[in-house]
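Examining the three-dimensional arrangement
Each chain is listed here by its residues.
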Amino acid sequence: ETAEVNDCEWVDNDPEERWCAIGGVAAHCPVTCGTCDSYLDSTLSFKVQLKNRRAWKDCDWVGENEDKIRARCAERGVSETCRSTC
């Protein structure tokens, strides 16, 4: 079974902000959830585009290769999610 994938824009469309209370969401979407001062790198995995496929990655992956950090942080939403690494 494939898990549903949503982004911070989807979370932001919830007028009650109930998604921000779910474990890891506030760290993944700190701007949306108003938690920028509390979180630097999310512990959640997220999907990124790799050549012709999408893959689940995390902030450790973003920072594992010094030569690729800049390009990985340029992917949509990564610099917000991995603020310390980027």
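For the structure itself, look to the data block above.
In short, a report on the structure. (Residues numbered from 1 in each chain as written. Predicted model: local features only at pLDDT ≥ 70, side-chain atom pairs only at ≥ 80, totals over all residues. Heavy atoms only, no water.)

Describing the pairing of strand 2 (residues 53-57)
Strand residues, when the strand is regular, have side chains that alternate between the two faces of the sheet. For strand 1 (residues 46-50) and strand 2, the ladder comprises 5 bridges, and the chain directions are antiparallel. By the bridge assignment for strand 2, Phe46 is matched with Lys57. Here strand 1 folds back onto strand 2 in antiparallel fashion, the turn holding 2 residues, of which Lys51 has a positive phi close to 55°. (Pairing = 2+ DSSP bridges. Helix = DSSP H or I, 4+ residues; strand = E, 2+ residues; numbered from the N terminus.)

Section: the pattern of salt bridges
Throughout the structure, instances matching the rule amount to 2 salt bridges. Asp7 is the salt-bridge partner of Arg76, the closest N and O atoms lying 3.1 Å from each other. Here Arg76 is found in the loop between helix 5 (69-73) and helix 6 (78-81), whereas its partner Asp7 is found in the segment before helix 1 (8-12), with 69 residues between them in sequence. In this structure Asp7 comes out as partly exposed when scored by relative accessible area, which is 30%. Between Glu9 and Arg76 there is a salt bridge whose closest N-O contact spans 3.6 Å. Residue Glu9 is located in helix 1, and its partner Arg76 is located in the loop between helix 5 and helix 6; the two are separated by 67 residues in the primary sequence. Residue class for Glu9 comes out exposed when judged on its relative accessible area of 51%. Note on Arg76: relative accessible area 67%, which makes it exposed. Several salt bridges converge on common partners, so that one network encompasses Asp7, Glu9 and Arg76. (Salt bridge = Lys/Arg side-chain N within 4 Å of Asp/Glu carboxyl O. Buried < 20%, exposed > 50% of the residue type's maximum accessible area, 1.4 Å probe, protein only.)

Some thoughts on the state of the cysteines
All told, the structure shown has 4 disulfides when counted by the stated rule. Residue Cys8 pairs covalently with Cys29 via a disulfide, S to S 2.1 Å. Since a negative S-S torsion denotes a left-handed disulfide, the Cys8-Cys29 link at about -85° is left-handed. With Cys8 in helix 1 and Cys29 in the loop between helix 2 (25-28) and helix 3 (30-33), this residue pair connects regions lying 21 residues apart in the sequence. The exposure class assigned to Cys29 is buried, which follows from its relative accessible area of 3%. Two residues, Cys20 and Cys33, share a disulfide whose sulfurs are 2.0 Å apart. Judged by the sign of its S-S torsion, about -85°, the bond between Cys20 and Cys33 is left-handed. (Disulfide = S-S within 2.5 Å.)

Side note on the packing of aromatic side chains
By the definition in use, this model includes 1 aromatic pair. Each ring, one from Trp10 and one from Trp19, has its centre 5.1 Å from the other, and the planes form 40°; the classification is tilted. Over the aromatic face of Trp61 sits the side chain of Arg72, whose NZ or CZ is 4.0 Å from the ring centroid. (Phe/Tyr/Trp six-rings, centres within 6.5 Å; stacked < 30°, edge-to-face > 60°. Lys NZ or Arg CZ within 6 Å of the ring centre and 35° of its normal.)

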